[in-house]
Amino acid sequence: MKAIVLEAADKLTWKEVDKPTVGPGEVLVKIKAAALNRRDYWIIIGKYAGIKYPTILGSDGVGIVAEVGRDADQHWIGKEVIINPSNYWGESDDFQGKDFKILGLPEDGTFAEYVKTRVEYLYNKPAYLSWEQAAAVPLAGLTAYRALFTKGRAKKGDMVLIVGVGGGAGSFALQWAVAAGCKVYVTSSRAEKIEKAQKLGAIAGVNYKMQNWANELKELAGGFDVIIDSALGEGFAQLPDICNPGARIVFFGGTAGDMPAINGRKIFWKQLQILGTTMGTSTDFEHMLSFMNQHQIIPVVDEVFPLAGADKAVKKMEHSSQFGKIVLQA
């Protein structure tokens, strides 16, 4: 089969590799579409833990089940499926266990004609979505769903802020919150991304590069019950200022730097919670798909590239010019 292989830092090659062999409880999925995540980008440029070469990246994938191994349910043969990339979560719903893995490193991922996974990570592809739309969902959708609902406990009528709305998880958090009946505001460094967010249901947004961005948000919204952040950095210190009493600040990722010094008095006096999150459980994934089907949510796909042209897709992610997900078509 053909696959995009990361052979060294910044060296992606479209080449022939051995097709995976399935073992007990495993399945082989013929990939129809995959999608990029910021995780893939950090691995490609050599800034991620546990990198090994060569490796096939890709956590997001949808396709048709081509083969099942011993002890796997044969009814999956020929089914259109979406793959949960959050593997071996562990016993506690509150945190991932020591065996937790994300598809696409250390095990080979979806940037290939075929991918191997375990049968328990297969779910029926939402029938109303195209292959490309469905491929956009797994990692970013799951991360945003757990952040907003499992950790953030967002509910109808809540004031919600999505910090840095342009990325995949940010755009999903926006869509999930709007569908749930929340009043959503956003930040971005680009006016066009704020405009796109408003078309998806955001009430308003501000540019976080402005010196007084937090004050402007406070004037616009009054305060927030749930804030979803994926960047950290110096701006994170201002988030308690715009929280309502009892609010939850949920974050994942740290693309803008480390957590800054924060005035802890505001946190205990307002009874705020600052919560970290990563990926999600199988239950989170099931609930996310059910929520999508209930509300018929269409993921935001920024651009589709051929799988063989993954290097061009990575270049686009490098400049963060996308709104929503970058998809690879097999």
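Above this text you will find the structure in question.
Residues numbered from 1 in each chain as written. Predicted model: local features only at pLDDT ≥ 70, side-chain atom pairs only at ≥ 80, totals over all residues. Heavy atoms only, no water.

(A) Structural context of the nonpolar core. Counting 54 residues, the largest nonpolar core has Leu-148, Phe-149, Ile-162, Trp-176, Val-186, Ile-228 and Met-288 as the members making the most contacts within it. Counting residues in each nonpolar core, the second largest holds 27 residues, with Val-5, Ile-44, Leu-105 and Leu-307 among its members. (Core = buried A, V, L, I, M, F, W, Y, C linked by side-chain atoms within 4.5 Å. Buried < 20%, exposed > 50% of the residue type's maximum accessible area, 1.4 Å probe, protein only.)

(B) Examining the side chain of Thr-55 more closely. Tracing the sequence through the fold places Thr-55 in the loop between helix H1 (38–44) and strand E4 (60–68). Excluding residues within four positions of it along the chain, Thr-55 makes contact with Ile-4, Val-5, Leu-6, Leu-105, Pro-106 and Asp-108. (Helix = DSSP H or I, 4+ residues; strand = E, 2+ residues; numbered from the N terminus. Contact = heavy atoms within 4.5 Å.)

(C) Expanded view of the packing of helix H3 (residues 138–151) against helix H8 (residues 282–295). It is at 9 Å that the axes of H3 and H8 come closest, and there the two elements cross at 95°. Taken as axis vectors, H3 and H8 run roughly perpendicular relative to one another. Contacts between H3 and H8 involve Pro-138, Gly-141, Leu-142, Tyr-145, Arg-146, Phe-149 and Thr-150 from the former and Asp-284, Phe-285, His-287, Met-288 and Phe-291 from the latter. Residues that form the contact of H3 with H8 fall into these classes: seven nonpolar, three polar and two charged. (Axes fitted to C-alpha atoms, helices over the stretch in contact; angles between N-to-C directions. Parallel < 35°, antiparallel > 145°, perpendicular 65-115°, else oblique. Nonpolar A, V, L, I, M, F, W, Y, C, P; charged D, E, K, R; others polar.)

(D) Looking closely at the packing of aromatic side chains. Applying the stated criterion to the full structure yields 12 aromatic pairs. Residues Tyr-145 and Trp-176 carry aromatic rings whose centres are separated by 6.4 Å and whose planes lie at 75° to one another, so their mutual orientation is edge-to-face. In this pair, Tyr-145 is assigned in helix H3 and Trp-176 in helix H4 (residues 168–179), connecting sequence segments 31 residues apart. With 5.3 Å between their ring centres and 55° between their planes, Phe-149 and Phe-291 make a pair best called tilted. Of this pair, Phe-149 sits in helix H3 while Phe-291 is found in helix H8, placing the two residues 142 residues apart along the sequence. Considered together, Phe-149 and Phe-291 belong to a single accessibility category, that of buried residues. Lys-19 extends its terminal NZ or CZ atom over the ring of Tyr-114, reaching a point 4.8 Å from the ring centre. A cation over an aromatic ring shows up here: Arg-38 above the ring of Tyr-41, its NZ or CZ 5.4 Å from the ring centre. (Phe/Tyr/Trp six-rings, centres within 6.5 Å; stacked < 30°, edge-to-face > 60°. Lys NZ or Arg CZ within 6 Å of the ring centre and 35° of its normal.)

(E) Seen up close, the sheet that holds strand E12 (residues 204–207). The parallel open sheet is built from six strands, whose spatial order is E12-E11-E10-E13-E14-E15. Of all the strands in the sheet, the pair left with one neighbour each is E12 and strand E15 (273–276). Strand-to-strand twist across the sheet, computed as the mean angle between neighbouring axes with direction ignored, equals 20°. As paired elements, strand E10 (residues 159–163) and strand E11 (residues 183–188) share five bridges and run parallel to each other. Within E11, the position partnered with Val-160 by the bridge is Val-184. (Pairing = 2+ DSSP bridges.)

(F) Structural context of the pattern of salt bridges. For the coordinates displayed, the defined rule picks out 14 salt bridges. Among the salt bridges present, the one from Arg-70 reaches Asp-71, with a minimum N-O distance of 3.4 Å. Here Arg-70 matches Asp-71 in class, with each residue exposed. Across the salt bridge formed by Glu-318 and Lys-315, the nearest N and O atoms sit 3.8 Å from each other. Of the two residues, Glu-318 and Lys-315 are both situated in helix H9 (residues 310–318); the distance of three residues between them amounts to about one turn of the helix. Residues participating in the shared-partner salt-bridge network are Lys-155, Asp-158 and Arg-248. (Salt bridge = Lys/Arg side-chain N within 4 Å of Asp/Glu carboxyl O.)

Functional significance is not addressed by these values, which are geometric in nature.
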